[in-house]
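As a plain string of letters, each chain reads:
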Amino acid sequence: MTRAVDLVVSNCTVVTPAGRVPDAGVAVEDGTIVAVGQADRLPEADRTVDAGGNVLVPGIVDAHIHNREPGLEYKEDWESATRAAAAGGVTTVVGMPNTDPVIDRPDHLELKFDRGEASAHVDFGTFAVITSENLERIPALEEAGATGFKIFLGSTVGDVPPPGDGEILEAMERVRETGKRLGFHEENDEIIDHYERTFKEQGKNEPIDHAHSRPVIAEREAIERMITFAEETGAKIHMYHVSSGSGAEAVARGKERGVDVTAETCPHYLWFTEDVMREKGNVARIQPPIRDADEQARLWAALESGSIDCIATDHAPHTDEEKKVDDPFGNTWDAISGFVGLETEIPVMLTFVDEGRLTLEEWVYRHSTRPAQVWGMYPQKGSLQVGTDADFTIVDPDREWTLEDRTDLHSKNCVTPFEGESFVGKATTTVVRGEVVYDEGDVVGESGYGTRVDVETA
Ligand code: DOR
Ligand code: ZN
């Protein structure tokens, strides 16, 4: 008789970008996948998990979270962010570098990794930031394990100053040498700075004014300029949080020109229009802002056509005080931008699946496989290939529920415009390298189990 494997998850429909297998399951040994297929062909196991007829997909990868550690732990830390990730069905996250200190030196990157190793519930990577001050450190940051690099083109939370265009060109040359990808917070700084100053002078201070102070052209121009620079330098680039159809269409034109440009959008840009600023106020304030219905429709078209590669949250926790939740329609210039998203991203996307806006296969490609590919983690992450990490997200695509109370979420600070929204679909169980870390309401994994994902340099 063959020896029993560690774990079999059975009684599920297995969905990958290639299609779906009903009455299927997966078998795991030593944290890696040893078999995927119809239940009656799977080996005996020491432990079995009955998925209750739900859908099992390769673990969801969210390559854009602000986990705030080191330095801003009053907002969030690795433990709380990855607790929320586990509860939201996310098995891998990549943390953003606008912390304190910013992740601009190898020792800062190592500090961030060490903190994650000590307390994370799910696997993780970290981006390193490029500023005017650290161009020569790019190879060392790559060697220290950065998942990729980020440049802030427009000033935003964290006040990381944008480098000049010459410095960006040089950064692209240097990043190209590392084989890594360079992502951008793509807003033209002069445009947003101009309108913010003008609006303040004119006494425009409502939440919708914040949105209009960062117009679509600021995003589109930044994307087009970076595509032109990448065309010149041969760098691989990425556009974080594309918020508009105009921006997404610029990405599409770049791809047509043969530039290696990838892009993500976030659930909030697909779910809300700028009307949410009038309905929920500064709670929904974010940079880049949520756009009007025409821009949203064109963003959807770009997601459907493939010019938007990935879904990511831009999970950005702030305290109630910083978000001004007591007075959501107060002076917008006193409120901060960003909100949490790790526990609503799968429900949002599954609701779109339920509405027939995309298939389960298309969803899992954009929310697992593609981000893993973009950031060099595939097939270790983002696939169900035999021999790769046994990361699974099990979802109930039919579960109807409402986020009645944001404090039910697992982050340290839970302000989100998704409070009060209703969904069809939810993660039920999260498995990271063969260990169940979340199951039906309970985070059951250990803090510190999560580990850094070693990224390949292509
Ligand atoms: O709204 C935002 N919040 N946009 C960003 O670019 C940063 C983020 C944060 O760190 O809070
Ligand atoms: Zn962000």
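As a reminder, the structure under discussion sits directly above these lines.
Here's what I pulled together on the structure shown here. The shown structure was predicted, so the numbers you read here are calculated from the model rather than taken from an experiment.

Rules of the game
Residues numbered from 1 in each chain as written. Chains lettered and ligands numbered in written order. Predicted model: local features only at pLDDT ≥ 70, side-chain atom pairs only at ≥ 80, totals over all residues. Heavy atoms only, no water. Donors = N, O, S within 2.8 Å, 3.2 Å for Na, K, Ca; no water. Helix = DSSP H or I, 4+ residues; strand = E, 2+ residues; numbered from the N terminus. Buried < 20%, exposed > 50% of the residue type's maximum accessible area, 1.4 Å probe, protein only. Near = heavy atom within 4 Å. Polar contact = N/O pair within 3.5 Å; in protein donor to acceptor, adjacent residues only side chain to side chain. Nonpolar A, V, L, I, M, F, W, Y, C, P; charged D, E, K, R; others polar. Axes fitted to C-alpha atoms, helices over the stretch in contact; angles between N-to-C directions. Parallel < 35°, antiparallel > 145°, perpendicular 65-115°, else oblique. Left-handed = near helix turned anticlockwise from the far one by under 90°. Contact = heavy atoms within 4.5 Å. Pairing = 2+ DSSP bridges. Expected span 1.5 Å × (residues − 1). Bend = angle between axes of the 7 residues up to and from the residue.

## A few points about the coordination of the zinc ion (ligand 2)
Distances from the zinc ion (ligand 2) to its protein donors, H64 (NE2), H66 (NE2) and D314 (OD), fall within 2.1 Å. Sequence spacing of the donors to the zinc ion (ligand 2): H-x1-H-x247-D. In this pair, H66 sits in the loop between strand 6 (60-65) and helix 1 (78-88) while D314 sits in the loop between strand 13 (310-311) and helix 12 (320-323), placing the two residues 248 residues apart along the sequence. Here the two residues H66 and D314 agree in accessibility, since each one is buried.

## Some details on the site of ligand 1
In the neighbourhood of ligand 1, the contacting residues comprise H66, R68, N98, T156, V157, H185, I286, Q287, A316, H318, S337 and G338. Here an oxygen atom of ligand 1 and a side-chain polar atom of R68 are 2.8 Å apart. Taken together, the residues of the shell around ligand 1 break down into three nonpolar, eight polar and one charged.

## A look at the packing of helix 7 (residues 216-233) against helix 8 (residues 245-256)
Between helix 7 and helix 8, the shortest axis-to-axis distance is 8 Å and the interhelical angle comes to 15 degrees. Judged on the interaxial angle alone, helix 8 and helix 7 are roughly parallel. The handedness of the crossing between helix 7 and helix 8 comes out as right-handed. Only S246, G247, A250, V251, R253 and G254 of helix 8 make contact with helix 7, whose side of the interface consists of V216, E219, R220, I223, E224 and I227. Here the residues of the contact of helix 7 with helix 8 sort into five nonpolar, three polar and four charged.

## Regarding unusual backbone geometry
Trans peptide bonds make up most of the peptide bonds, and negative phi angles are found at most residues other than glycine. Residue P70 is bonded to the preceding E69 through a cis peptide linkage, with omega at 5 degrees. Counting through the fold element by element, P70 comes out in the loop between strand 6 and helix 1. Phi at R68 is positive, roughly 75 degrees, even though this residue is not glycine. Take R68: it is sitting in the loop between strand 6 and helix 1. With a relative accessible area of 2%, R68 lands in the buried category.

## Regarding the sheet that holds strand 13
Pairing is parallel across the open sheet formed by eight strands, whose spatial order is 6-7-8-9-10-11-12-13. The open sheet is flanked by strand 6 and strand 13, the only strands paired with a single partner. When strand 6 meets strand 7 (residues 90-95), the two strands line up parallel, connected through four bridges. For I65, the partnering residue across the bridge sits in strand 7 and is G95.

## Focus: the packing of helix 4 (residues 165-178) against helix 7
For the pair helix 4 and helix 7, interaxial distance at closest approach is 10 Å and the crossing angle is 50 degrees. The orientation of helix 4 relative to helix 7 falls into the category oblique. Regarding helix 4 and helix 7, the two cross each other, and that crossing is right-handed. Judged by residue contacts, D165, I168, L169, M172, E173 and R176 of helix 4 engage R225, M226, F229, A230 and T233 from helix 7.

## Topic: helix 14 (residues 360-374)
Spanning 15 residues, helix 14 covers 20 Å between terminal C-alpha atoms, matching the ideal 21 Å at 1.5 Å per step. Along its length, helix 14 shows its largest kink, about 40 degrees, at R366. Most of helix 14 is tucked away: twelve of the 15 residues are buried. For helix 14, the set of buried residues is L360, E361, W363, V364, R366, H367, S368, T369, R370, P371, A372 and V374. Phi turns positive one or two residues past the end of helix 14, at G376, with a value near 75 degrees.

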